[in-house]
Amino acid sequence: MYPRQISKDDVLKKYLYLAAVTLVLMLWLLPLGAVILTSVRPASDAAVGNYWGWPSGFDLVKNYTEVFTQTPMGRYFFNSLVITIPSVIGVLVLSTLTGYVLSRYRFRGNTLLFAIFIGGNFLPFQIMMIPVRDLTISLGIYNSYLALIIFHVAFQTGFATLFMRNFIASLPDELFEAARSEGASPLQTLIHVVIPLVRPALAALAILAFTFIWNDYFWAVVLTPSDAVKPVTAGLDNLKGQYVANWSLISAATIAIAIPPVVMFFLMQRHFIRGLTMGAVKG
Amino acid sequence: MSNLEISNISKCYEGREVLKNVGFKSSEKEFIVVVGPSGCGKSTLLKTIAGLTSVDAGRILIGEHDVTRSEPGDRDIAMVFQSYALYPHMTVAENMGFGLRMAGHPKQQIREAVEHAASILRITDYLDMRPKQLSGGQRQRVAIGRAITRSPAVFLFDEPLSNLDAALRTQMRVEIGQLYRRLDATMVYVTHDQVEAMTMATRIVLMNSGVIEQVGSPIELYTNPVNRFVAGFLGSPRMNFIEASVTEVNDDQIVVALEGLDDIRVARRHGVGVSRGDTVTLGIRPEEISVGRQRSHQLPARVELVEQLGREVIAYVDTGSIRAIESENGLGHLTIQVDRKSAMSRDDDIHIGFDAEDIYLFNADGMTMTPNRDTEKSPVHEVSEA
């Protein structure tokens, strides 16, 4: 069942394995490679059907500049940041608070509340599409940043709460008892003890939430029809005209959109520190 | 003021009573050791004093204030945990100053308090280190330092030495004892280790299954246990228990018979109910049994196992028809503790003897039927004089 380590002596198996991994990797990366190549092709290449071959020329600077000068991508980019950053912060704050309370305080309905947070994740977005749209219209926030921010926070907090609750529950009980016996209030304990110790979890969660919200297409299409507030995912679709499509530009825009989650990953990476709770209790 | 009063505390966990009407009082500075087997409720008792666990009934007073419903931070207590419970992301100094910082004390004052506590415990060199850079003993010192920094009226220790190795444990035991003499505070110390209880306590609270069995000074509990549980719990090796039957009772004496021995006449505790034919438990401490024929009661025995401890020798002997109940090795052997000079080896046939005045008798309910002895004439006292 489990992947077993290939013995060092079995040369044939080792090379077969390497070859298989390389093959799968190439298949996996092929579409991405094609998009990257297309993003530097002159527009004419796509018109004559040169999707996979070597580009007839390199228009890297031209294509990527045009994405931001000839199309509203700059605007969409800005919209995406305005929507994603507050949403991620909102998710982190709310899930830390809910996770802390659900993991550390016993009260009636604790388990039920937690079950609702988890259960919410199982509702398909599609069945909520119309109710959510109607709700935003009644609230007067349809077609605004706020609509996307509120619903992204609401939908992400369920999973994030599960994540944070389990992480905080795994911290040693004695730390909380020590803080409490030293007179720290629950909020002080959260700020001074819990948050420094769950930093790796917050970083991981930030990456997940950022990627998910940044890449969201469904709610962007449903809630923000106007260019002024539309994020990049929905905006990318706009680059395709009714009769013509500049595939080089679309590819360049696609690559540009993929960059922020990657940057986010590297920014957060330094918070992944192993053994942060070492030395707290014995061992 | 280091006044601590606990009255009639009860606590239920999921239908199980872990504390039943527990109470004791200390009106002056004291080192109280709460001792008992695991699961006897001693840690729960400590947590209720700390305020980390609420009580179902009863009252807790610290320094004249009723703190039964107060938050732990408002009780003037500080707790030291078995697992140290240091904040791993803070330096030693930050760990020690945490409580004062949360209470909003000025920085200068916190620094002074931390430095003072650090100098008492000789951990000034570690103030900028983090817990993971320290050894177990150093971490426990920091944890104690964190408690001292807040200068509480009552220190609560929850088995603080259990995670340390034997040598360090002895050293820390002495240090905590010195700390107690130096600070003006009552200490409540929970442990399952009877050596810690006997050596550190000014008063021992001995608990078993949620109730207090006996409260008193270590020597008091050792010499005059109120029941068989206390008698068996304190002392290592533990007391020998032998089943016997009462053959004669008069106003101030009980006579019991053991096969192959002269009748044993022991003093009767005033007012204790006993009648002829009752089955009782006879108890005798290993150090009260001697090898040779000089004592009032003697019997032949065969040595089954010898533990040479250097200062003394512990031997497990088979006395044929007389079997010990709940003996250390489960084979019904009697445990005797003698001077190291007494040469003994396995399979030796020897004579052992004891005096009737060293005998304890316990009735079927385990209550002591022999009168209290003078603690001054106790065996431990004799040893310390020798």
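Residues numbered from 1 in each chain as written. Chains lettered and ligands numbered in written order. Predicted model: local features only at pLDDT ≥ 70, side-chain atom pairs only at ≥ 80, totals over all residues. Heavy atoms only, no water.

## Let's talk about the packing of helix α6 (residues 125-139) of chain A against helix α7 (residues 145-169) of chain A
Residue and element names in this part refer to chain A. At a minimum axis distance of 12 Å, the contact between α6 and α7 shows a crossing angle of 140 degrees. In terms of orientation, α6 and α7 fall into the oblique class. Crossing geometry of α6 relative to α7 is assigned as right-handed. Listed contacts from α7 to Phe125, Met128, Val132, Leu135 and Thr136 of α6 are Ala147, Phe151 and Phe155. (Axes fitted to C-alpha atoms, helices over the stretch in contact; angles between N-to-C directions. Helix = DSSP H or I, 4+ residues; strand = E, 2+ residues; numbered from the N terminus. Parallel < 35°, antiparallel > 145°, perpendicular 65-115°, else oblique. Left-handed = near helix turned anticlockwise from the far one by under 90°. Contact = heavy atoms within 4.5 Å.)

## Quick word on a nonpolar patch on the surface
Residue and element names in this part refer to chain A. Together, Leu81, Ile85, Ile89, Val93, Leu94 and Leu97 make up an exposed nonpolar region whose accessible area comes to about 480 Å². As for its position among the elements, Leu97 is in helix α4 (residues 73-104). Overall, the relative accessible area of 39% leaves Leu97 in the partly exposed class. (Patch = residues over 30% accessible without salt bridge, like charges linked within 9 Å, V, L, I, M, F, W, Y side chains within 5 Å. Areas by Shrake-Rupley, 256 points an atom, 1.4 Å probe, with all protein chains shown as cover. Salt bridge = Lys/Arg side-chain N within 4 Å of Asp/Glu carboxyl O. Buried < 20%, exposed > 50% of the residue type's maximum accessible area, 1.4 Å probe, protein only.)

## Some details on the pattern of salt bridges
Residues and elements named next belong to chain B. Under the counting rule described, the total for this entry stands at 22 salt bridges over all chains. Among the salt bridges present, the one from Glu326 reaches Arg238, with a minimum N-O distance of 3.8 Å. Residue Glu326 is found in the loop between β18 (324-325) and β19 (334-339), and its partner Arg238 is found in the loop between α8 (228-233) and β11 (240-250); the two are separated by 88 residues along the sequence. Residue Glu326 is classed as partly exposed on the basis of its relative accessible area, which comes to 49%.

## Some details on the environment of B:Glu307
All names here are of chain B. With respect to the helices and strands, Glu307 occurs in strand β16 (residues 297-308). As for Glu307 and Val205, which are separated by 102 residues in sequence, their C-alpha atoms are 31 Å apart. If near-sequence neighbours (up to four positions away) are discounted, Glu307 is found in contact with Glu312, Val313, Ile314 and Tyr316.

## Description of the environment of B:Ile204
Residue and element names in this part refer to chain B. Here Ile204 shows up in strand β9 (residues 203-208). Distance from Ile204 to Gly232, taken between C-alpha atoms, is 15 Å for residues 28 residues apart in sequence. When near neighbours in sequence (up to four residues on either side) are disregarded, Ile204 contacts Val33, Val35, Ala197, Met198, Gln214, Val215, Gly216, Pro218 and Leu221.

## Focus on the sheet that holds strand β5 (residues 65-66) of chain B
All names here are of chain B. The strand order β2-β1-β4-β5 describes an open sheet built from four strands, whose pairing is antiparallel. At either margin of the open sheet sits one strand with a lone partner, and together these are β2 (16-26) and β5. The strands touched by helix α1 (residues 42-50) are β1 (4-13), β2 and β4 (57-62); relative to β2, the strand with the most contacts, the crossing angle is about 60 degrees. (Pairing = 2+ DSSP bridges.)

## Quick notes on the domain arrangement of chain A
When the parts come together, some accessible area is lost, and that loss is often what is quoted as the size of the interface. All names here are of chain A. Domain annotation of chain A identifies domain 1 (11-60) and domain 2 (68-277). Each of domain 1 and domain 2 has a C-alpha centre, and the two are 33 Å apart. Counting from both sides, the interface comprises eight residues of domain 1 and, opposite them, seven residues of domain 2. Across the domain 1/domain 2 interface, buried area totals approximately 540 Å², and carbon plus sulfur atoms make up 72% of it. Its largest share of buried area at the contact with domain 2, domain 1 owes to Val35, Thr38 and Ser39, together 56% of the area lost on that side. Across the contact surface, domain 1 and domain 2 share zero salt bridges. Here domain 1 and domain 2 share one residue pair in polar contact (both at pLDDT 80 or more) between them. In terms of residues, the side of domain 1 that touches domain 2 owes the most to one element, helix α1 (residues 11-40), which gives four residues. Considered class by class, the residues forming the side of domain 1 that touches domain 2 number five nonpolar, two polar and one charged. (Domains from an automatic or database assignment. Buried area = accessible area lost by both parts, 1.4 Å probe. Polar contact = N/O pair within 3.5 Å; in protein donor to acceptor, adjacent residues only side chain to side chain. Nonpolar A, V, L, I, M, F, W, Y, C, P; charged D, E, K, R; others polar.)

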